[in-house]
Amino acid sequence: MPSDRAGAPTPYAPPEPGAVVVYRGATLFDGTGSPARPGTSIVVDGSLIRAVVDDSAAEAAEAAAEGAEVVDLTGQFVTPGLVDSHQHLATPPDRPAAEAVLRRLVHSGVTAVRDMADDLRQIGDLARAARVGEIPAPDLHYAALMAGPGFFDDPRTHQVTQGAVAGEVPWMQAVTEASDLPLAVALARGTSAAAIKVYADLDASLVAAITAEAHRQGVPVWAHAAVFPASPGDVVAAGVDSVSHVTLLAHEAATGPLTSYRDKPPVDHPSLVTGQDERLEKLFARMREQGVVLDATAGLYASREFATDDPEAAEHAARNTELAIALTAQAHRAGVQLATGTDYETPPDEPFPALYEELAFLVGRCGIPAADVLRSATLVGARSAGVGHLTGTVEPGKLADLAVFARDPLADIDHLRTITLTVKRGHRFPRAARTTENR
């Protein structure tokens, strides 16, 4: 069994360069926008894709690499590894539960996760363990959070800062006009965070200042779609890289002033559920022009997270679901890049993750073609995490991150549930091994 330099076992580590595997005979959806290609071979060297060729050319590739292993995927379907662009794996920290979620994800074709602010003391260690192969898990890309001081009486902020003071730690900072933003961003960078998440109770000028300083230091900004009092238009104008929660975009058409995260005014529901509101159309046009990714979490309110016997709460969830459908479809028609985040997980005894439900919601409820949804779950998801140059498509030079299905998910998105194999950084995670590893 491989081990790292400290001697810790790394049974899930990427293979070394020179270990060549040829995956032959698959139909490939490569995530680039090209049509699916039958009879395709993928040549993997260590953790990287060396070549993507027709099966007729694969024999030469095998001959060029003495001892190359051949994996026959005849009749199966390959996509890039999937990305869940909105997870919370440590609020509150629970290492066994997080590892169980990550194990299920990687055996379900998920090779990357964007963690949207948690206790980064635990998330950082999980990310390290996933990267070096100590645990079966996708790669983790995570954010440090910034918000106004008023947000930090939220109990979640205390769950993720146990032993310290919420708002005064590098991964969970309270920001005001008096804050030293270069220092605040540098502290966030010191957590190894991939981005800064702008959350709540910040005005437009502060959102713009945080974004400018983060970008100056080479750090992306992931924001709630409305930050209160900063509106969705303010957030997009600030130049953020992605926004989360499509229903928050409705506050571009709020019927009253935006004041704070806890005091959200009503929105113009009747005009918005038409999917044709001009205020949103202008916002989506700007998002498209700037390349802002929308992490829609479209199916959240239709999930079991919001299942309830309370008629008032059920009506609220139903209205938000209706709103999410209309705005997500409108954003897609406008050419906005959609990522596939969940913001929840299915129960531990479920065989498949919430990401499958989100993809099915986007196809079945929002009317988005399966090919576009799969691109959202691969290349756009990778872009949302800042790693589109490394993964998200099946191309030479990219990481060997693959998902293999017995049936074609382009024909029916529920065919995701026929997953047979995940390849993450060249390491194989057979679906059948999930049950064994759970023991």
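Residues numbered from 1 in each chain as written. Predicted model: local features only at pLDDT ≥ 70, side-chain atom pairs only at ≥ 80, totals over all residues. Heavy atoms only, no water.

Enquirer: Outline the packing of helix H9 (residues 278-290) against helix H10 (residues 311-333), listing residues and values.
Expert: The angle between the axes and the distance between the axes are what describe a pair of packed helices. One can describe the packing of H9 onto H10 by two numbers: an axis separation of 9 Å at closest approach and a directional angle of 45°. Between H9 and H10, the crossing angle belongs to the class labelled oblique. At the point where H9 passes H10, the crossing takes the right-handed sense. Between H9 and H10, the contacting residues are Leu-280, Glu-281 and Phe-284 on the first element and Leu-327, Gln-330 and Ala-331 on the second. Classifying every residue of the contact of H9 with H10 by side-chain character gives four nonpolar, one polar and one charged. (Axes fitted to C-alpha atoms, helices over the stretch in contact; angles between N-to-C directions. Helix = DSSP H or I, 4+ residues; strand = E, 2+ residues; numbered from the N terminus. Parallel < 35°, antiparallel > 145°, perpendicular 65-115°, else oblique. Left-handed = near helix turned anticlockwise from the far one by under 90°. Contact = heavy atoms within 4.5 Å. Nonpolar A, V, L, I, M, F, W, Y, C, P; charged D, E, K, R; others polar.)

Enquirer: Lay out the environment of Thr-328 in plain terms, naming residues and giving numbers.
Expert: Tracing the sequence through the fold places Thr-328 in helix H10. For Thr-328, a relative accessible area of 0% corresponds to the buried category. Setting aside chain neighbours within four positions, we find Thr-328 in contact with Val-246, Ala-296, Ala-298, Leu-338, Leu-362, Cys-366 and Ile-368. Of note is the side chain of Thr-328, whose polar atom sits 2.7 Å from the backbone oxygen of Ala-324. (Buried < 20%, exposed > 50% of the residue type's maximum accessible area, 1.4 Å probe, protein only. Polar contact = N/O pair within 3.5 Å; in protein donor to acceptor, adjacent residues only side chain to side chain.)

Enquirer: Now, about the environment of Ala-298: what can you tell me, with residues and values included?
Expert: When you line up the elements, Ala-298 lands in the loop between strand S14 (293-295) and H10. On the basis of relative accessible area, Ala-298 is assigned to the buried category, the value being 1%. For Ala-298 and Val-246, which are 52 residues apart along the polypeptide, the C-alpha to C-alpha distance reads 6.6 Å. Those residues in contact with Ala-298, other than ones at most four positions away along the chain, are Ala-324, Thr-328, Glu-358, Phe-361 and Leu-362.

Enquirer: Lay out the pairing of strand S11 (residues 195-198) with the relevant residues and their values.
Expert: The side-chain alternation of S11 yields two buried faces, one formed by Ala-195 and Lys-197 and the other by Ile-196 and Val-198. One ladder, built from four bridges, connects strand S8 (residues 139-147) with S11; its direction is parallel. Each residue of the ladder has a partner; that of Ala-144, found in S11, is Ile-196. With three bridges connecting them, S11 and strand S12 (residues 221-224) associate as parallel partners. (Pairing = 2+ DSSP bridges.)

Enquirer: Can you tell me about the packing of helix H2 (residues 95-106) against helix H3 (residues 120-132), naming the residues and giving the values?
Expert: Where H2 contacts H3, the axes come no closer than 12 Å and their chain directions differ by 40°. In terms of orientation, H2 lies oblique with respect to H3. The handedness of the crossing between H2 and H3 is right-handed. Packed against H2, whose contacting residues are Arg-95, Ala-98, Glu-99 and Leu-102, the element H3 presents Gln-122, Asp-125, Leu-126 and Ala-129 at the interface.

Enquirer: Mind laying out the layout of surface pockets, listing which residues take part and the relevant values?
Expert: Reported here for the largest pocket is a volume of approximately 1,200 Å³. Contributing to the lining of the largest pocket are 48 residues, with Arg-156, His-245, Leu-300, Phe-306 and Asp-343 lying nearest its centre. Among the elements that line the lining of the largest pocket, the one with the most residues is H10, at four residues. Its residues placed into classes, the lining of the largest pocket shows 26 nonpolar, 13 polar and nine charged. By volume, the second largest pocket is sized at about 200 Å³. (1 Å grid on protein atoms, 1.4 Å probe; cavity = no way out; pocket = protein on both sides within 12 Å on 5 of 7 lines; lining within 4 Å. Points joined across faces, edges and corners; volume = space filled by probe spheres on them.)

Enquirer: Run through the packing of aromatic side chains, naming residues and quoting values.
Expert: Inspection of the entire model under this criterion finds seven aromatic pairs. Relative to Tyr-199, the ring of Phe-151 lies with its centre 4.6 Å away and its plane at 35°, an arrangement referred to as tilted. Placement of Phe-151 in the loop between S8 and helix H4 (155-159) and of Tyr-199 in the loop between S11 and helix H6 (204-216) is noted, with a sequence separation of 48 residues between them. Each member of the pair, Phe-151 as well as Tyr-199, is classed as buried. Considering the side-chain rings of Phe-151 and Tyr-261, the 5.8 Å spacing of their centres and the 85° angle between planes classify their relative orientation as edge-to-face. (Phe/Tyr/Trp six-rings, centres within 6.5 Å; stacked < 30°, edge-to-face > 60°.)

Enquirer: Describe the pattern of salt bridges, with residues and values.
Expert: Tallying each qualifying case throughout the model produces 19 salt bridges. For the salt bridge of Arg-156 with Asp-154, the shortest nitrogen-to-oxygen distance reads 2.8 Å. A single salt-bridge network, built from bridges that share partners, covers Arg-95, Glu-99, Asp-125, Arg-128 and Glu-134. (Salt bridge = Lys/Arg side-chain N within 4 Å of Asp/Glu carboxyl O.)

Enquirer: Quick rundown of empty space enclosed by the protein? Include the residues and the values.
Expert: Throughout the structure, instances matching the rule amount to one cavity of 30 Å³ or more. Roughly 40 Å³ of volume is contained in the largest cavity. Lining the largest cavity, in full, are Thr-27, Leu-28, Phe-29, Ala-36, Phe-77, Val-78, Thr-79, Asp-408, Pro-409 and Leu-410. When residues of the lining of the largest cavity are traced back to their parent elements, those giving at least two are strand S1 (20-28) and strand S5 (77-80). At three residues, the largest contribution of residues to the lining of the largest cavity is made by S5. When grouped by side-chain class, the residues that make up the lining of the largest cavity number seven nonpolar, two polar and one charged.

Enquirer: Can you lay out the pairing of strand S18 (residues 427-430) for me, pointing to particular residues and giving the numbers?
Expert: By the alternation rule, side chains of S18 split into His-427 and Phe-429, which are all buried, and Arg-428 and Pro-430, of which none is buried. Two elements, strand S17 (residues 419-424) and S18, share four bridges in a ladder whose sense is antiparallel. Counterpart to Val-423 in the pairing with S18 is Arg-428. Joining the antiparallel neighbours S17 and S18 is a turn of two residues, in which Arg-425 adopts a positive phi near 50°.

Enquirer: Tell me what's going on with the side chain of Thr-40, and back it up with residues and numbers.
Expert: Summarising the element assignment, Thr-40 is placed in strand S2 (residues 37-45). By relative accessible area, which is 1% here, Thr-40 ends up buried. Other than its neighbours up to four places away in sequence, Thr-40 contacts Tyr-23, Arg-24, Gly-25, Ala-26, Leu-28, Val-52, Val-53 and Asp-55.

Enquirer: How would you sum up the nonpolar core? Please name residues and give values.
Expert: Grouped together as the largest cluster of nonpolar side chains are 100 residues, with contacts concentrated most on Ile-196, Val-198, Met-287 and Leu-294. Contact partners of Val-198, with chain neighbours within four places excluded, come to Met-146, Val-207, Ile-210, Val-221, Trp-222, Ala-223, His-224 and Val-227. Tyr-23, Ala-26, Leu-28 and Leu-402 belong to the second-largest nonpolar core, a separate cluster that totals 17 residues. (Core = buried A, V, L, I, M, F, W, Y, C linked by side-chain atoms within 4.5 Å.)

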